[in-house]
Amino acid sequence: MTMANLTVEPPPAAAPEAAAPAPVPRRLRERDTVPSALRPTRAGRLLRGVLLTAASLVTVFPFYAMLVLSLKPGAAVSLPGSLLPWNLSGSSYSAVLDAQDVPRWLLNTLVYSLVSVVGVLVLASLAGYAFAKKRFRGREAMFWSFLSMVMVPYHVTMIPTFIMMAKIGGVDTYWGLIIPTLANAQAVFLMRQFIKDLPDEMFEAARLDGCSELRIFTSIVLPLLKPILATLGTFVFLWHWNDFLWPLIMGQSSDMRTLTVGIASLQQQQVPLSQVLAGSVIAFVPIFAAYMVGQQYFTEGVTGSAVKG
Amino acid sequence: MAAVAERTTRPHNRRGPHARREARIGLLFVLPCFLLFLAFRFGPGIAGLVLGFTDYTVGDSTHFTGLANFQRMVHDPLFWSSLRVTVIYSVLAVPFTILASLGLALLTRRAFRGSRLFRSIFFLPVVTSLILASTVFIWIFSSKGPWSELMGLAGLPDQAWLTDSALVLPALAIVGIWSRCGYGMLILLARLQDVPRELEEAALMDGAGAFQRFRYIVAPQLRPAFFFLAVIETTNSFQIFDAVYVMTGGGPANASYSLVYQLYDAGFKYMDLGYASALGCVLFVLTVVVALVQRLVLGKEK
């Protein structure tokens, strides 16, 4: 098969030089990037297409079912019928929005995610810059104490943090929920790693021109950090949006629940399936929209942390 | 540690006011983050491990009880059951997640029309909260759901997976694989970009088939990524909680009652925070063991 592929490939035709129009830029295809010998045959491409389509259907099915069933109040009746996209009605959405605290939970989730993103980005970029470019007494000790916590599971620190918050009245408050999550060691590592690679000369030049340190940080360092800030910000946002256990133990009243905690509580209160799913769709839409816009950052965050970690 | 710090800082302090200013600024920039870290990660991390040796409950006075929590654990059938559930879940979920990741990575390896779309589809479950996904998986695995429908077509009795103690962990593992394989795919794709194309072409010229090329050229290059994934996915699966909380509540008959579920129950339902912390210590030890095994295996490689 591979040999066939080799011989079938026509020799590159000599381009008619005069008539050749300017090459139209287009997305790279397999044909452009992979040498002919390694390109799959027609049968290989067909097989790959079939497998990919099957895998995609399996991946997407839960999302599809979530959406369609949320639009079918009155419980899923007979199986094949219930998945077909007709006889739809939005009444589960109005029911879950009216009867439950969904809008409040959405607000809580937004506050939890956005405040944490801003806080983590500010704190981690300042600390990362200092760890990467400044020399001061105790730097190594501090950095090693950050590193030492990598192996300790979140569940171990969670219990004493909860006790502490219970003692100082932080349970069931926004600040109690948010402040502990601002101490994000991974974010500092990532920042430090990134800032280390920035050239020192730029900072030196600015310093010689009489720039204050804060000025150097805000007008030179931060703009250079844009890509990593975007990546890290997306990641922290996502992590907080999906976080469950910490908001679960910190949000005791219904008013302080986040969406994940609220939807889990709907599930336990025997609310009709279509309403639970409507709540899930409402919680999923913002993430989906963000994912569509910032896919690049989502994926860079994953590979970046893996390559560096 | 202090010695290291002094060695790096002292020569610069001698340079005079500029270095002193730099040190002051550095400290100032680090301090907010470091104090938060001390208060909410480092301190609680140490405290969490120490609490495991106490009988801390809310309200009562606390005593240092040495190994009492761990002795209690040894005689606690629920602990052994939750440990077994956690390990079986990991054994079911981790290998298949990595295999599925590999399959997806190889299928979307080259840039072809639609390859980016497929990658985004496979990664979508990773960014979706397991709580949200679980609400629909409850239905998928229910006796009215598509799984039992498929079973029915195959002539098997319809079955609610989540209420059968033999099937509940496989069902949770399927959810785990579904939600995590896109992550593994991305990690492996990043590594696949580094496989030298010339090597593959040379192997092809020598008549190596697709499987041989994978076995001898591609797979060795992927080794570090496999180890990375094995560690990440194993520690991740040790911490299974979200899906259990929503889909099964630990049931049926504790068949999905995992270690972190027990930690949550002991700590925040029964307010037995000392015992919960001891369970946290076990989780910590498990995590360290996985990392050490990885270190040993990788060390042997070099």
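Whatever comes next refers back to the structure up there.
Residues numbered from 1 in each chain as written. Chains lettered and ligands numbered in written order. Predicted model: local features only at pLDDT ≥ 70, side-chain atom pairs only at ≥ 80, totals over all residues. Heavy atoms only, no water.

Turning next to the overall build of chain A. Helix and strand content of chain A: 16 helices and zero strands. The proportion of buried residues among the 309 residues of chain A is 50%. Taking as baseline every contact in chain A between residues at least 6 positions apart, the subset at least 24 positions apart corresponds to 71%. In the form shown here, chain A has an accessible surface area of approximately 14,900 Å², with 66% of it arising from carbon and sulfur atoms. (Helix = DSSP H or I, 4+ residues; strand = E, 2+ residues; numbered from the N terminus. Buried < 20%, exposed > 50% of the residue type's maximum accessible area, 1.4 Å probe, protein only. Contact = heavy atoms within 4.5 Å. Areas by Shrake-Rupley, 256 points an atom, 1.4 Å probe, with all protein chains shown as cover.)

Once that is clear, we can look at the interface of chain B and chain A. Tallying the contact residues gives 96 residues for chain B and 103 residues for chain A. For the salt bridge of R21(B) with E213(A), the shortest nitrogen-to-oxygen distance reads 3.8 Å. The greatest single-element share of the side of chain B that touches chain A, amounting to 25 residues, is contributed by helix α2 (residues 17-51) of chain B. For the side of chain B that touches chain A, the class distribution of residues is 63 nonpolar, 18 polar and 15 charged. (Salt bridge = Lys/Arg side-chain N within 4 Å of Asp/Glu carboxyl O. Nonpolar A, V, L, I, M, F, W, Y, C, P; charged D, E, K, R; others polar.)

With that out of the way, let us pick up helix α13 (residues 226-242) of chain A. With 17 residues, α13(A) extends 24 Å from end C-alpha to end C-alpha; this agrees with the ideal 24 Å at 1.5 Å per step. For α13(A), the full list of buried residues reads I228(A), L229(A), T231(A), L232(A), G233(A), T234(A), V236(A), F237(A), L238(A), H240(A), W241(A) and N242(A). (Expected span 1.5 Å × (residues − 1).)

Turning next to the pattern of salt bridges. Residues and elements named next belong to chain A. All chains considered together, the criterion is met by eleven salt bridges over all chains. Of the charged contacts in the structure, one is a salt bridge between E204 and R207, with a shortest N-O distance of 3.1 Å. Within this pair, E204 and its partner R207 are both found in helix α11 (residues 200-208), separated by three residues, close to a single helical turn. On the accessibility criterion, E204 (38% relative accessible area) is partly exposed. Note on R207: relative accessible area 14%, which makes it buried.

As a further point, take unusual backbone geometry. Residues and elements named next belong to chain B. In this chain, G251 is followed by P252 through a cis amide linkage whose omega measures -10°. Counting through the fold element by element, P252 comes out in the loop between α11 (242-247) and α12 (259-269). Phi at A253 takes a positive value of approximately 50°, unusual for a residue other than glycine. Within the secondary structure layout, A253 lies in the loop between α11 and α12.

This part takes up a nonpolar patch on the surface. A cluster of nonpolar side chains, namely V285(B), V289(B), V293(B), L296(B) and V297(B), defines an oily patch on the protein surface of about 420 Å² accessible area. Relative to the helices and strands, V297(B) resides in helix α13 (residues 273-301). (Patch = residues over 30% accessible without salt bridge, like charges linked within 9 Å, V, L, I, M, F, W, Y side chains within 5 Å.)

Any functional reading would require information beyond the geometric quantities listed.
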